[in-house]
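# Architecture at a glance
Chain by chain, the residues run as shown.
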Amino acid sequence: MSEDNCIFCKITSGQDADTVVAFENDEFVIFKDIKPASEHHYLAVTKEHHQSLKELNKSHEGLVTRLEEGLKQFLRDKGVSTEDALLGFHLPPFITVNHLHMHAIAPRSEMGLISKFVFMPSAWFKTVSYIIKLTSLGCFHT
């Protein structure tokens, strides 16, 4: 399912010539964020259109885990340590593209002050461990 005006749907379907997809599998693609918060800032974007985390339910826990593992492996393959990486999601209304995507930012310790605020685990940015904890308790709604 895709949305006609969604830039991420266009990227995941190969219809955006300006975006270089660095990794692709059956569920998601990975590409560089256009406004990087650190030296390595990538997005894992689902091929199936989901507006945000708020649209997901317990059955999507595996998808969230696969996005995380995919991004971690991608970073390791590039020689980037995942020990100093931040992985997570923004929640509406703090997302600029209404299509589910996970951020991977490394090194976290080198983020600027504004980026540290924007990506601070908070009411607007949720880490993967927080999301997994909610799904394991059977309550995905954030």
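Residues numbered from 1 in each chain as written. Predicted model: local features only at pLDDT ≥ 70, side-chain atom pairs only at ≥ 80, totals over all residues. Heavy atoms only, no water.

### Overview of the overall build of the protein chain
A count of helices and strands for the protein chain gives four helices and six strands. If you list the helices and strands of the protein chain from N to C, you get α-β-β-β-α-β-β-α-β-α. Its C-alpha radius of gyration of 14 Å places the protein chain within 12% of the 14 Å reference for a compact globule of 142 residues. When each of the 142 residues of the protein chain is scored for burial, the buried share is 47%. Of the accessible surface of the protein chain, which amounts to about 7,700 Å², a share of 53% is contributed by carbon and sulfur atoms. Charge separation in the protein chain, taken as the distance between the mean sites of 14 positive and 18 negative side-chain charges, equals 7 Å. (Helix = DSSP H or I, 4+ residues; strand = E, 2+ residues; numbered from the N terminus. Rg over C-alpha atoms; globule rule 2.2 N^0.38 Å. Buried < 20%, exposed > 50% of the residue type's maximum accessible area, 1.4 Å probe, protein only. Areas by Shrake-Rupley, 256 points an atom, 1.4 Å probe, with all protein chains shown as cover. Lys, Arg positive; Asp, Glu negative; His and termini not counted. Charge placed at Lys NZ, Arg CZ, Asp CG, Glu CD.)

### Thoughts on the sheet that holds strand E3 (residues 40–46)
In any sheet, the strands associate via hydrogen bonds between backbone groups, in a parallel or an antiparallel arrangement. Spatially, E1-E2-E3-E5-E4-E6 is the arrangement adopted by the six strands of the open sheet, whose pairing is antiparallel. Unpaired on one side and paired on the other, strand E1 (21–24) and strand E6 (125–127) mark the two borders of the sheet. Averaged over neighbouring strand pairs, the angle between their axes works out to 30 degrees when direction is ignored. Inspection of the sheet shows strand E2 (residues 28–32) paired to E3 by five bridges, in the antiparallel sense. Looking at the pairing, Lys32 lines up with Tyr42 of E3. Relative to E3, helix H2 (residues 61–77) is tilted by about 145 degrees, and along the sheet it contacts E1, E2, E3, strand E4 (86–90) and strand E5 (101–106). (Pairing = 2+ DSSP bridges. Axes fitted to C-alpha atoms, helices over the stretch in contact; angles between N-to-C directions. Contact = heavy atoms within 4.5 Å.)

### So, the state of the cysteines
By the definition in use, this model includes zero disulfides. For the unlinked cysteine Cys6, the closest cysteine sulfur is that of Cys9, found at 3.7 Å. Exposure remark for Cys6: the relative accessible area of 7% places this residue in the buried category. You can call Cys9 buried: its relative accessible area is 5%. (Disulfide = S-S within 2.5 Å.)

### With respect to the nonpolar core
Ranked by internal contacts, the top residues of the largest apolar core, which has 23 residues, are Leu71, Phe89 and Met102. Listed by contribution, the elements that provide at least two residues to this core are E2, E3, H2, E4, E5 and helix H4 (128–136). Of the residues forming this core, the biggest block, six residues, is contributed by H2. Excluding residues within four positions of it along the chain, Met102 makes contact with Tyr42, Leu43, Ala44, Val64, Leu67, Glu68, Leu71, Leu87, Gly88, Phe89 and Val128. Ranked by size, the runner-up nonpolar core spans nine residues in total, among them Phe8, Phe31, Val45 and Val97. (Core = buried A, V, L, I, M, F, W, Y, C linked by side-chain atoms within 4.5 Å.)

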